[in-house]
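# Working through the structure, step by step
Take a look at the letters that make up each chain.
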Amino acid sequence: MEMDNFKSFSALLSSTFIKRTLDVNKEKVNWLKITWLRYDKNFGTIQFKTTLDPDFRILDLKKTTGKQELEKRLQVHHNW
């Protein structure tokens, strides 16, 4: 591995994303009980399961601001 392969994503949680406790259906999210995470190409959303039911719940992690689009503020810095 090269040094360019290591990235620091810690700045995303403080600027672009927020740790939510409610999903898009306003149901409470218990982060310790999440058993399955699915990431897709939708920026800032993850799908998750807490049981083995066939349906995924959706969690939106984007901060909601009307001033800027979040994709324009996304910057990943090197971790070295």
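All values reported here derive from a predicted model rather than from experimental measurement.

Analysis parameters
- Residues numbered from 1 in each chain as written.
- Predicted model: local features only at pLDDT ≥ 70, side-chain atom pairs only at ≥ 80, totals over all residues.
- Heavy atoms only, no water.
- Helix = DSSP H or I, 4+ residues; strand = E, 2+ residues; numbered from the N terminus.
- Buried < 20%, exposed > 50% of the residue type's maximum accessible area, 1.4 Å probe, protein only.
- Polar contact = N/O pair within 3.5 Å; in protein donor to acceptor, adjacent residues only side chain to side chain.
- Contact = heavy atoms within 4.5 Å.
- Core = buried A, V, L, I, M, F, W, Y, C linked by side-chain atoms within 4.5 Å.
- Pairing = 2+ DSSP bridges.
- Axes fitted to C-alpha atoms, helices over the stretch in contact; angles between N-to-C directions.

### Details of the side chain of Asp23
Structurally, Asp23 is set in the loop between α1 (10–15) and β2 (36–39). Judged by its relative accessible area of 4%, Asp23 falls in the buried class. Here Asn25 takes part through its backbone nitrogen, which lies 3.1 Å from a polar atom of the side chain of Asp23. Separated by 3.0 Å, the side chains of Asp23 and Arg57 make a polar contact. If we skip the residues at most four places from it in the chain, Asp23 touches Val29, Phe48, Arg57, Ile58 and Leu59.

### Section: the nonpolar core
Counting residues in each nonpolar core, the largest one holds eight residues, listed as Phe17, Val29, Ile34, Phe43, Ile46, Phe48, Leu59 and Leu61. Among residues more than four places away in sequence, those in contact with Leu59 are Arg20, Leu22, Asp23, Val29, Trp31, Gly44, Thr45, Ile46 and Phe48.

### Considerations on the environment of Ile46
With respect to the secondary-structure elements, Ile46 resides in strand β3 (residues 45–49). Taking the C-alpha atoms as reference points, Ile46 and Arg57, eleven residues apart in sequence, are found 8.4 Å from one another. With near-sequence residues (within four places) excluded, Ile46 lies in contact with Trp31, Leu37, Arg38, Tyr39, Arg57, Ile58, Leu59 and Leu61.

### Things to note about the sheet that holds β3
Pairing in this open sheet of three strands is antiparallel, and the strands run β2-β3-β4 from one edge to the other. Looking at strand neighbours, the two that pair on one side only are β2 and β4 (57–60), the edges of this open sheet. Between one strand axis and the next, the sheet turns by 30 degrees as a mean value, whatever way the strands run. Bridging between β2 and β3 involves four bridges; their strand directions are antiparallel. By the bridge assignment for β3, Tyr39 is matched with Ile46.

### Regarding the pairing of β3
Where burial is concerned, most of β3 is hidden: five out of the five residues are buried. Residues Thr45, Gln47 and Lys49 point to one face of β3 and Ile46 and Phe48 to the other, with burial holding for every one of them. The loop that links β2 with its antiparallel partner β3 comprises five residues; one of these, Gly44, has a positive phi angle of about 85 degrees. Bridge analysis of β3 against β4 gives four bridges, and the strand direction is antiparallel. Bridged to Ile46 within β4 is Leu59.

These figures come from the coordinates and say nothing about function on their own.
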